[in-house]
Amino acid sequence: MTRYDVVIRGGSVFDGSGARPRTADVGIADGRVAAVATGLPDGARTIDAAGKWVIPGMLDVHTHYDAEVLGNPGLGESVRHGVTTVVIGNCSLSTVYSGAEDCADMFARVEALPWDAVHSAVKEHRDWDDPRSYVRSLAGRPLGANIAALLGHSDIRVAVMGLARAVDAQTRPTPAELNRMRHMLTEALDAGFLGLSTIRSSFSKLEGSRFPARQLPSTYATWAEYRALNNILRQRNRIHQSTPNLTARAEIARYFAQSAGRLRKPLKTTLIAGMDVKADRTTARAATIAARIANTVGAAQFRWQHLPVPFELYADGVDLVVFEEFGSGSAALNIRDVMKRGELLADETYRRQFRKDLAKRFGPRVWHRDLYDAQIVACPDADVIGKSFGQVADERGIHPADALLDLTVAHGKALRWRTVIANDREAVLDELQRSPVMQVGFADSGAHLRNMAFYNFGLRMLERVHRRGFMPVETAVHRLTGELADWYGLDAGRLAEGARADIAVLDPAGFDGASAEYAEAPVPGIDGLSRMVNRNDRAVAATLVGGHILYEYGEFAPGFGTTLHAGSFLAAR
């Protein structure tokens, strides 16, 4: 008789393929699913799953845990929400080749992470010098979730060219330098990396004292440089992840052309982001139609990364990435000193430009810039809490932009406010989640610690499906598990005999709306810093990785993230 380490008894088992669930027991031995059947004997641990959903662990394909995983490898904020595999190295950013200072300069501003935290994480924990040793380093840590990785283009560009030359618009890599980048990418693919990430966004800026406000190195590359690297990805059937330049939307056609496979092998390409943007209600439909044409007429393998929940953002003062969209907003973010920034925001000449920028109604943008649709949630001036900047302006007889700037000058980061910039229409959100060109992702987990909290995006999608019924639950589970695993080429996303025992046991009785509520929690390893989180501990009965029960109803297993080695580095298949 087989002896099981864990038996999950009597749940509705979803296998991740999209097939209807069946009531069964799941027996786990040696980190794998040993049996899916009825009447299994108890294991060393038995989980009562009656009335619950037993699904493959969910995948989070767009994270920026690259620094956090070095010092806090449990990645508990994902594990507690049923996520068992995360992909790092997105948006051209990774820590494989570049040094600590370069990594901190590249990650800090664009991902809204503390510069010192990124610098110390890379400097203190670095024990690798190439992709293979990087993989060994991660695999040797007490991981909670499994890790898969993309190689960042900015990372290799800086390692080859140096930061100064990599962010000089007049400089191109020499043939030898481009060959070195090609070799680095090949090394990473040989080590099991999923592919390459790049970025074209003009809103993505450097932090630090050397080249503050320059764009990320990948944005300075030519399309010839991208093609040289994409050719390697295409040959190996690996992935190109990127962030397009919203000020040059016609460039997206270049991604479609690179992905096309009518006369050659297609290139798997995934871009952020497929959203129903308040500022431009035509965006979602246009993006969906364009991708369908690329995939059918052009035989491309193209996907938009889609966040399956309302895109709600919070800001402390003007510290929010959407201000990078326009000149006066970017100018404020360029000043890191609190006193000097306050002087700029108080200047009337600056304010005239700020008001003008907010009033623009044409041109590409993500933020609606409607300050009547921006609610103050915290401020030392209690009279303004719960009001929009527009309401405050009406009461004071001033322009809404002046209300925002006055309160920021007076209170700095103690002023906290929120807005929803996309995905606010339920019916359109339903359509996007059903679309085959939309890939569920773009949670940005591990980044924007004070701005957004989408660690539980998968739970929230399943709760929407459970509540609204716009697709079968088994289809939603497939979209969050097997579909992603297959597209990325990962040993994940399936619950069947022989599969990795990466499993989430969900309690639909816990789908009570609490998962969208605002909360904060300390950031592990960074004293005095809290991050936004959304939590509903009643919805996840258990999360298992590699057969280890890591989390149950709000409690982590002893040794989680410190001595318990559960997760693995997952190489591309």
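Residues numbered from 1 in each chain as written. Predicted model: local features only at pLDDT ≥ 70, side-chain atom pairs only at ≥ 80, totals over all residues. Heavy atoms only, no water.

K.L.:
Just give me the short version of the sheet that holds strand 10 (residues 195-197), but keep the residues and values in it.
P.N.:
Spatially, the six strands line up as an open sheet ordered 9-10-11-12-13-17, and their pairing is parallel. Strands at the two margins of the open sheet, each flanked by one partner only, are strand 9 (151-152) and strand 17 (438-440). With three bridges connecting them, strand 13 (residues 301-306) and strand 17 associate as parallel partners. Looking at the pairing, glutamine 305 lines up with glutamine 439 of strand 17. (Pairing = 2+ DSSP bridges. Helix = DSSP H or I, 4+ residues; strand = E, 2+ residues; numbered from the N terminus.)

K.L.:
Pulling in residues and values, what's your account of the UniProt feature "domain: Amidohydrolase" (unreviewed entry) in the protein chain?
P.N.:
Here the UniProt-annotated "domain: Amidohydrolase" (unreviewed entry) positions come out as residues 45-200. Here residues 45-200 runs as 42% helix and 17% strand, with 49 Å between its end C-alpha atoms. (UniProt positions renumbered as here; feature names shortened; annotations may be inferred.)

K.L.:
Please set out the state of the cysteines residue by residue, giving values where relevant.
P.N.:
For the structure on display, the rule yields zero disulfides. For the unlinked cysteine cysteine 91, the closest cysteine sulfur is that of cysteine 103, found at 15 Å. For cysteine 103, a relative accessible area of 0% corresponds to the buried category. (Disulfide = S-S within 2.5 Å. Buried < 20%, exposed > 50% of the residue type's maximum accessible area, 1.4 Å probe, protein only.)

K.L.:
Report on the packing of helix 17 (residues 426-434) against helix 18 (residues 457-468), specifying residues and quantitative values.
P.N.:
Packing of helix 17 against helix 18 brings their axes to within 12 Å, and their N-to-C directions diverge by 115°. On the basis of the axis angle, helix 17 is roughly perpendicular to helix 18. Crossing geometry of helix 17 relative to helix 18 is assigned as left-handed. Residues Glu426, Ala427, Leu429, Asp430 and Gln433 of helix 17 pack against Met461, Arg464, Arg467 and Arg468 of helix 18. Partitioning the contact of helix 17 with helix 18 into residue classes produces three nonpolar, one polar and five charged. (Axes fitted to C-alpha atoms, helices over the stretch in contact; angles between N-to-C directions. Parallel < 35°, antiparallel > 145°, perpendicular 65-115°, else oblique. Left-handed = near helix turned anticlockwise from the far one by under 90°. Contact = heavy atoms within 4.5 Å. Nonpolar A, V, L, I, M, F, W, Y, C, P; charged D, E, K, R; others polar.)

K.L.:
I'd like a description of unusual backbone geometry, backed by residues and values.
P.N.:
Each neighbour pair has its own omega, and for isoleucine 272 with alanine 273 the value is 5°, a cis peptide bond. By the element assignment, alanine 273 lies in the loop between strand 12 (268-272) and helix 11 (283-296). Phi angles above zero are rare outside glycine, and arginine 369 is one such case at about 65°. Structurally, arginine 369 is set in the loop between helix 14 (348-359) and strand 15 (375-378).

K.L.:
If you had to explain helix 18 to someone new, which residues and values would you point to?
P.N.:
Its 12 residues give helix 18 an end-to-end C-alpha distance of 16 Å, which sits within 8% of 16 Å, the value for a rise of 1.5 Å per residue. Within the span of helix 18, buried status applies to Phe457, Gly458, Leu459, Arg460, Met461, Leu462, Glu463, Arg464 and Val465. (Expected span 1.5 Å × (residues − 1).)

K.L.:
Could you give an account of the sheet that holds strand 8 (residues 146-149), naming the residues involved and the relevant values?
P.N.:
An order of 6-7-8 is seen for the three strands of this open sheet, with the pairing classed as parallel. Whereas interior strands pair on both sides, the edge strands pair on one side only; in this sheet they are strand 6 (58-60) and strand 8. Between one strand and the next, the sheet's axes are offset by a mean angle of 25°, whatever the strand orientation. Across four bridges, the pairing between strand 7 (residues 83-88) and strand 8 is parallel. Paired with valine 87 across the bridge in strand 8 is alanine 148.

K.L.:
Tell me about the domain arrangement of the protein chain, residues and numbers included.
P.N.:
One frequently used descriptor of interface size is the decrease in accessible area upon assembly of the parts. Splitting the protein chain by domain gives domain 1 (91-135 + 151-236) and domain 2 (314-421). With centres defined by C-alpha atoms, the gap from domain 1 to domain 2 works out at 32 Å. Domain 1 puts five residues into the contact, and the matching count from domain 2 is six residues. For the pairing of domain 1 and domain 2, the buried interface totals around 600 Å² over both sides, and the portion due to carbon and sulfur atoms is 42%. Contact with domain 2 buries area across many residues of domain 1, yet Arg109, Phe203 and Glu207 alone supply 77% of it, more than any other trio. Counting across the interface, domain 1 meets domain 2 through three salt bridges. With its nearest N and O atoms 3.4 Å apart, the salt bridge here joins glutamate 324 to lysine 205. Linking domain 1 with domain 2 are five residue pairs in polar contact (both at pLDDT 80 or more), by the criterion used here. Here the side of domain 1 that touches domain 2 is composed, by residue class, of two nonpolar, no polar and three charged. (Domains from an automatic or database assignment. Buried area = accessible area lost by both parts, 1.4 Å probe. Salt bridge = Lys/Arg side-chain N within 4 Å of Asp/Glu carboxyl O. Polar contact = N/O pair within 3.5 Å; in protein donor to acceptor, adjacent residues only side chain to side chain.)

K.L.:
Could you give an account of the pairing of strand 12, with specific residues and numbers?
P.N.:
Of all five residues in strand 12, five are buried, a share of seventy percent or more. Here strand 12 shows no split at all, with Lys268, Thr270 and Ile272 on one side and Thr269 and Leu271 on the other all buried. In this sheet, strand 12 lies alongside strand 11 (residues 239-242) in parallel orientation, the contact comprising four bridges. In the strand pairing of strand 12, glutamine 241 is matched with threonine 270. Remark: the strand 11/helix 10 (residues 252-259)/strand 12 crossover connection has right-handed handedness. As defined by bridge partners, strand 12 adjoins strand 13 across five bridges and the pair is classed as parallel. Within strand 13, the residue paired with threonine 270 across the bridge is arginine 303. Note on the crossover from strand 12 through helix 11 to strand 13: the handedness is right-handed. (Right-handed = clockwise from strand over helix to strand, strands pointing away.)

K.L.:
So what's going on with the nonpolar core? Residues and values would help.
P.N.:
By size, the foremost hydrophobic cluster in this structure holds 129 residues, and its most contacted members are Phe193, Phe311, Phe323, Trp417 and Leu462. Viewed by domain, this core spans two of them, domain 1 (91-135 + 151-236) and domain 2 (314-421), each represented by three or more residues. With 19 residues, the next largest nonpolar core counts Val13, Ala24, Leu495 and Ala541 among its residues. (Core = buried A, V, L, I, M, F, W, Y, C linked by side-chain atoms within 4.5 Å.)

K.L.:
Explain a nonpolar patch on the surface to me, using residue names and the numbers behind them.
P.N.:
Residues Ile289, Ile293 and Val297 make up a contiguous nonpolar surface patch of about 270 Å² in total accessible area. Among the structural elements, isoleucine 289 can be located in helix 11. Under the relative-accessibility criterion, isoleucine 289 is labelled partly exposed at 38%. (Patch = residues over 30% accessible without salt bridge, like charges linked within 9 Å, V, L, I, M, F, W, Y side chains within 5 Å. Areas by Shrake-Rupley, 256 points an atom, 1.4 Å probe, with all protein chains shown as cover.)

K.L.:
Let's hear about the pattern of salt bridges: which residues, and what values?
P.N.:
Enumeration according to the criterion identifies 48 salt bridges in this entry. Among the ionic pairs, aspartate 430 bridges to arginine 468, the shortest N-O distance being 2.6 Å. Note that aspartate 430 is positioned in helix 17 and arginine 468 in helix 18, a separation of 38 residues in sequence. By relative accessible area, which is 36% here, arginine 468 ends up partly exposed.

K.L.:
Tell me about the environment of aspartate 48, residues and numbers included.
P.N.:
In this fold, aspartate 48 is placed in strand 4 (residues 45-48). When the C-alpha atoms of aspartate 48 and alanine 393 are compared, they prove to be 56 Å apart, with 345 residues separating the residues in sequence. One polar contact links the side chain of aspartate 48 to the main-chain amide nitrogen of alanine 50, over a distance of 3.1 Å.

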